[in-house]
Amino acid sequence: MSQPFDTLALYDSLTPDEREELDRAMEANPALAEAFARWTSLRAAVRRELAADLPDRTLLVLYALADENVLDADERARLDAARDDLGVAMDRHPGLVDVVRRIRADREAFEHAWAAHTQMNGQVEGEAKTSSADRPPLRLVRPQRPARWVWRIAALVAIVLGGTLLVQIAMRDAGFETIRASELMAVDLPDGSSVELAEGAVLMIPEEGRPVRQARLMGGRALFDIRRDEASPFTVETPNATIVVLGTTFGVAVTEIETEVVLASGIVELASHADREAAVRLEPGERSRVLSLDLPTEPTPADVNAELSWTGDLFIRAESMARVADRLSQAFDTPVEVDAALAGEIVSGTRFEREAGLEAALQELAMSLGAQVVPLEGGGFRIAP
Amino acid sequence: MHSLDPQAVVRAQQGDEAERGRLLAALEPVLRAFFKARIGRVPDVDDLVQNTLIRVHRGLEALQKPNRLKAFAMKAALFELQDFYRGRYSARESLYDPDIPPSDPAGVGSAGLRLDLERAMEVLTPHARRIIELREMGYPYAEIAETLETTEAAVKMQVKRAFERLRNVLSALVLAILATSPSL
């Protein structure tokens, strides 16, 4: 009996012969027919909900293409008018988010078909711009950040991005260079800011000579460390959100349909593309996210170190020297002691680059406290006045 | 092969029927390659190409920027593809319409046990719900698997499990009804 029940669940993908066989089985077995009726009722209910929440499927196509500068004014107006309802529908039906992803893959397939055709016929591709990703980046791109570590008392903001990438979108944006991280790498920006990219991240930065304080993170995870300029706030655009940097340093994270921000320190504002005016402001140690076209969630406490563990670094936010020493001790599996006179000193807004090693971190800590690092017999260190 | 350049679009928009024909002929292989890559089934691809070309033909005058033909054709193709999944091609569509059960061989519809749909929906895990929603949006299991970056077998297994959970919930409901309804 289990075999017909198993097959019933997939009735809609059976061959006509298989269906006929099942129909006969249902005629002979009321329990089987009962189960099938319930199942089809459930499926019908899902379908009705989808139809009620999304009466016009073309909106999904417009939404999927919204960030690619291919919509005309009427289409954009249609999409804008439907954004609220569309956001509700996508929240209620996770499958719609997958459909959007599928449509974006369809678009990429169309691009490939178009490019193959035009290249085969020796034509210049219609509206495609020269892929900036194929040219060497104009900025200094370090394959790995240097082994030296840097104390950064300045505020740190981190936004963690995960998921698949919108590479094709990035490649077609004029005025921006596209950088794809094949490994953990750092990118230096002209104003002294820098971005650390996790493997797989795709970042767009302004082409050389464009005085634009903006970057676009199309996918993956990145940690931004931005030089403070109150007269010219830095913005990070993601496929569905905008992050405005109000402090000095920040990091960003996004998937193709979700942007999550985890702030180590400093201040940022996060807004959905659906309503750029309705931004939330994050304080250090908080997180917020924008799912599809929703407004940003209210900031909630975040485990900054867990969120940014991919960097390999330690982030310290307003913690006692005793606690910092304890964390460093655990991170490096080495005893670290702190003199009682220093144990209560507060360390804040700090990032330890793990590659630099424990002793270097302790030396820097000691320097900031006017203390010294003393090696312990048997291994380990002590920070003493 | 005819060029898909903006001048050709302008001439077609201005009433040059020969130019319009060449333009559509030039689009045909692009669309065919696209739909073949996404759908693969030749009869469906034929229909999709033809209907997309009709969309382009009918909408060409409304294309305000002749240099945006690619975007215009792409949107037409994507709209058409959604229509395909929605079931507009039902003559060829093998998907079963769950709104119309093929039969009620045991007469269960009159058995008096009505499905508590809300309760039933709760038995779906978020993952199973995604799969069923995609299925109800018209996507074949193979494409659902591709979208979710898993295998078709894994997708079907999720559906079977959801079905099994639904059966278990229903069994519990029936027992509860029997226990509280002495007349049954």
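This write-up is about the structure you can find in this document. (Residues numbered from 1 in each chain as written. Chains lettered and ligands numbered in written order. Predicted model: local features only at pLDDT ≥ 70, side-chain atom pairs only at ≥ 80, totals over all residues. Heavy atoms only, no water.)

**Regarding the overall build of chain B**
Heads up, the condition is: Numbering of helices and strands runs from the N terminus; a helix is a DSSP stretch of H or I covering at least four residues, while a strand is a stretch of E covering at least two. Two residues qualify as a contact provided that any one of their heavy atoms is within 4.5 Å of a heavy atom in the partner residue. Here the accessible surface of atoms and residues is derived via Shrake-Rupley with a 1.4 Å probe, and residues count as covered only by protein chains that are part of the display.
If you tally the helices and strands in chain B, you get eight helices and zero strands. Its helices and strands taken in sequence order, chain B reads α-α-α-α-α-α-α-α from the N to the C terminus. Taking the intrachain contacts of chain B between residues at least 6 apart in sequence as the baseline, contacts between residues at least 24 apart amount to 59%. Summed over all atoms, the accessible surface of chain B reaches about 9,100 Å², with 53% contributed by carbon and sulfur.

**Quick look at the overall build of chain A**
Formally: Whether a residue is buried, partly exposed or exposed follows from its accessible area with a 1.4 Å probe, protein chains only, as a fraction of its type maximum: under 20%, in between, or over 50%, in that order.
Within chain A one finds eleven helices and 21 strands. Counting only residues that meet the buried cut, chain A has 55% of its 385 residues in that class. Of the roughly 16,000 Å² of accessible surface on chain A, a fraction of 50% belongs to carbon and sulfur atoms.

**Topic: the environment of Leu31 of chain B**
Mapped onto the elements, Leu31 of chain B comes out in helix 2 (residues 17–38). Note on Leu31 of chain B: relative accessible area 0%, which makes it buried. Taking the C-alpha atoms as reference points, Leu31 of chain B and Thr52 of chain B, 21 residues apart in sequence, are found 7.9 Å from one another. Residues contacting Leu31 of chain B, with those up to four places away along its chain left out, are Phe110 of chain A together with Val49, Thr52, Leu53 and Ala77 of chain B.

**Quick look at the pattern of salt bridges**
What counts is decided by this rule: We define a salt bridge as a contact between a side-chain nitrogen of Lys or Arg and a carboxyl oxygen of Asp or Glu at a distance within 4 Å.
Evaluated as defined, the whole model comprises 35 salt bridges over all chains. Salt-bridge contacts for Lys70 of chain B lead to Glu111 of chain A; the nearest nitrogen and oxygen are separated by 2.9 Å. Here Lys70 of chain B is found in helix 4 (residues 69–86), whereas its partner Glu111 of chain A is found in helix 6 (residues 94–120) on a different chain. With a relative accessible area of 5%, Lys70 of chain B lands in the buried category.

**Some thoughts on the packing of aromatic side chains**
For the record, the criterion: Pairs were defined over the aromatic rings of Phe, Tyr and Trp, the Trp ring being its six-membered one, requiring ring centres within 6.5 Å. Orientation was assigned from the angle between planes: stacked under 30 degrees, edge-to-face over 60, tilted for the rest. Charge-over-ring placement is defined geometrically: NZ (Lys) or CZ (Arg) within 6 Å of the ring centre, and within 35 degrees of the ring normal.
As enumerated under the stated definition, the model contains seven aromatic pairs over all chains in all. Look at Tyr85 of chain B and Tyr139 of chain B: their rings are 4.0 Å apart centre to centre, the planes differ by 35°, and that puts the pair in the tilted class. Of the two residues, Tyr85 of chain B sits in helix 4 while Tyr139 of chain B sits in the loop between helix 6 (126–136) and helix 7 (141–147), which places them 54 residues apart along the sequence. No difference in accessibility class separates Tyr85 of chain B from Tyr139 of chain B, as the two residues are buried. Members of the aromatic cluster, connected to one another through ring pairs, are Phe110 and Trp114 of chain A together with Phe34 and Phe35 of chain B. Over the aromatic face of Tyr63 of chain A sits the side chain of Arg104 of chain A, whose NZ or CZ is 5.9 Å from the ring centroid. Stacked on the ring of Tyr141 of chain B, the Lys or Arg Arg135 of chain B has its end atom at 4.2 Å from the ring centre.

**Considerations on the sheet that holds strand 17 (residues 336–338) of chain A**
Residues and elements named next belong to chain A. As a reminder, the rule being used: Here a strand pair is declared whenever DSSP counts at least two bridges between the two strands. In this description, a line fitted to the C-alpha atoms serves as the axis of each element, helices being fitted only across the stretch in contact, and the angle between N-to-C directions of two axes falls anywhere from 0 to 180 degrees.
What the three strands build is an open sheet, ordered 17-21-20; its pairing is mixed. Among the strands making up the open sheet, the edge pair consists of strand 17 and strand 20 (372–375). Strand-to-strand, the axes of this sheet are offset by a mean angle of 25°, without reference to chain direction. Inspection of the sheet shows strand 17 paired to strand 21 (residues 381–384) by three bridges, in the parallel sense. For Val336, the partnering residue across the bridge sits in strand 21 and is Phe381. Helix 9 (residues 321–332) contacts strand 17 and strand 21 of the sheet and is inclined by roughly 170° relative to strand 17. Docked against the sheet, helix 11 (residues 358–369) engages strand 17, strand 20 and strand 21, running at close to 5° with respect to strand 21.

**Thoughts on the packing of helix 2 of chain B against helix 3 (residues 42–59) of chain B**
All names here are of chain B. Test applied: Any angle between 65 and 115 degrees counts as roughly perpendicular, while under 35 counts as roughly parallel, over 145 as roughly antiparallel, and the rest as oblique. Crossing handedness is defined as follows: a turn of the near helix away from the far one that is anticlockwise and smaller than a right angle gives a left-handed crossing, while the clockwise case is right-handed. Residues are grouped as follows: Ala, Val, Leu, Ile, Met, Phe, Trp, Tyr, Cys and Pro are nonpolar; Asp, Glu, Lys and Arg are charged; every other residue, Gly included, is polar.
Direction vectors running N to C along helix 2 and helix 3 enclose 140°, while the axes themselves pass 9 Å from each other. By the angle between their directions, the pair helix 2 and helix 3 is classed as oblique. Considering only the axes of helix 2 and helix 3, their crossing is right-handed. Between helix 2, through Arg20, Leu24, Leu27, Glu28, Leu31, Arg32, Phe35 and Lys36, and helix 3, the contact on the second element is made entirely by Val45, Asp46, Leu48, Val49, Thr52, Leu53, Val56 and His57. Of the residues in the contact of helix 2 with helix 3, the class split is nine nonpolar, two polar and five charged.

**Looking at the interface of chain B and chain A**
When the parts of a complex come together, some accessible area is lost, and that lost area is often taken as the interface size. For the record, the criterion: By convention, the term buried area covers the 1.4 Å-probe accessible surface removed from two parts as they join, with the contributions of both added.
At the junction of the two partners, chain B supplies 69 residues and chain A supplies 68 residues. In terms of surface lost to chain A, no three residues of chain B exceed Lys70, Met74 and Phe163 of chain B, which account for 12% of the buried area on that side. Counting every contact that joins chain B to chain A gives ten salt bridges. The residue Arg102 of chain A makes a salt bridge to Glu143 of chain B at a minimum N-O spacing of 3.3 Å. Of all the secondary structure elements, the ones that give two or more residues to the side of chain B that touches chain A are helix 2, helix 4, helix 5 (117–122), helix 6, helix 7 and helix 8 (152–180) of chain B.

**Description of helix 2 of chain B**
Residues and elements named next belong to chain B. Note the threshold: Given the number of residues in a helix, its expected span is that number minus one, multiplied by 1.5 Å. Here the bend at a residue means the angle between the axes of two seven-residue stretches, the one that ends at it and the one that starts at it. Pairs of N or O atoms within 3.5 Å make up the polar contacts considered here, provided that, within protein, one atom can donate a hydrogen while the other can accept it, and that residues adjacent in sequence are counted only when both atoms are side-chain atoms.
Look at helix 2: 31 Å from first C-alpha to last across 22 residues, which is about the 32 Å you get at 1.5 Å a residue. Where helix 2 bends most, at Glu28, the angle is about 25°, and the proline Pro29 comes one to four residues later. When we look at burial in helix 2, the residues that qualify are Glu19, Arg20, Leu23, Leu24, Ala26, Leu27, Val30, Leu31, Phe34, Phe35 and Arg38. Put simply, Asp16 is the residue that caps the front of helix 2, since its side-chain oxygen is 3.2 Å from the backbone nitrogen of Ala18.

**Observations concerning the packing of helix 3 (residues 30–53) of chain A against helix 6 of chain B**
Packing of helix 3 of chain A against helix 6 of chain B brings their axes to within 9 Å, and their N-to-C directions diverge by 75°. Taken together, the axes of helix 3 of chain A and helix 6 of chain B are roughly perpendicular relative to one another. Contacts between helix 3 of chain A and helix 6 of chain B involve Trp39, Arg43, Val46, Arg47, Glu49 and Leu50 of chain A from the first element and Arg129, Ile132, Glu133, Arg135 and Glu136 of chain B from the second.

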